[in-house]
Amino acid sequence: MDVVGNKAARAEISMIKVVAPNMTLRVLDRAIQAHGGAGVSQDTFLAAAWANVRTLRLADGPDEVHTEAIAKQELRKWEKARAQREPQ
């Protein structure tokens, strides 16, 4: 974003908004599994961390919104490349 600006980095921003919270949830889920029942109790921070990260997936729009934005941007790139290849 600092180098190319927000508009040029839009696809990467959307990708980060999908991948980072999902990966964090996977890590927390594995930690909860490793701790067994203690992982979902108030004895560790894991249950609260999982709940907080889960809501983060909704904070700036649901994953589906970002996934759709990524798909639209990728399709636009493909259409532009195809239009340049085809003879006029």
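Bear in mind the structure is a predicted one, so any value in this text is a computation, not a measurement.

Visitor: Where do I start with the packing of helix α1 (residues 10-35) against helix α2 (residues 46-59) in this structure?
Guide: How two helices sit against one another is set out by the angle between their axes and by the gap between those axes. Their axes nearest at 10 Å, the elements α1 and α2 cross at an angle of 160°. The orientation of α1 relative to α2 falls into the category roughly antiparallel. Regarding α1 and α2, the two cross each other, and that crossing is left-handed. Here P21, N22, T24, L25, L28, D29, A31, I32 and H35 of α1 come into contact with α2, specifically with L46, A49, W50, V53, R54, L56 and R57. The residue makeup of the contact of α1 with α2, split by class, is ten nonpolar, three polar and three charged.

Visitor: For this particular structure, what's the right way to read α1?
Guide: Two residues of an α-helix separated by three or four positions point the same way, owing to the 3.6 residues in each turn. Compared with an ideal rise of 1.5 Å per residue, which puts 26 residues at 38 Å, α1 spans 38 Å between its outermost C-alpha atoms and is within 8% of the ideal. Those residues of α1 that fall on the buried side of the exposure criterion are A11, S14, V18, P21, L25, L28 and I32. Looking at the packing, one finds that the buried side of α1 touches α2 and α3 (63-85). Just beyond α1, the residue with positive phi is G36, at close to 65°.

Visitor: Can you walk me through the nonpolar core in this structure?
Guide: Considering soluble globular proteins, one finds that nonpolar side chains tend to be buried as a cluster. The biggest cluster of nonpolar side chains holds six residues, and these are L25, L28, I32, L46, A49 and V53. Elements that contribute at least two residues to this core include exactly α1 and α2. Aside from chain neighbours lying at most four places away, what touches L25 is W50, V53, R54 and R57.

Quick notes on the rules
- Residues numbered from 1 in each chain as written.
- Predicted model: local features only at pLDDT ≥ 70, side-chain atom pairs only at ≥ 80, totals over all residues.
- Heavy atoms only, no water.
- Axes fitted to C-alpha atoms, helices over the stretch in contact; angles between N-to-C directions.
- Helix = DSSP H or I, 4+ residues; strand = E, 2+ residues; numbered from the N terminus.
- Parallel < 35°, antiparallel > 145°, perpendicular 65-115°, else oblique.
- Left-handed = near helix turned anticlockwise from the far one by under 90°.
- Contact = heavy atoms within 4.5 Å.
- Nonpolar A, V, L, I, M, F, W, Y, C, P; charged D, E, K, R; others polar.
- Expected span 1.5 Å × (residues − 1).
- Buried < 20%, exposed > 50% of the residue type's maximum accessible area, 1.4 Å probe, protein only.
- Core = buried A, V, L, I, M, F, W, Y, C linked by side-chain atoms within 4.5 Å.

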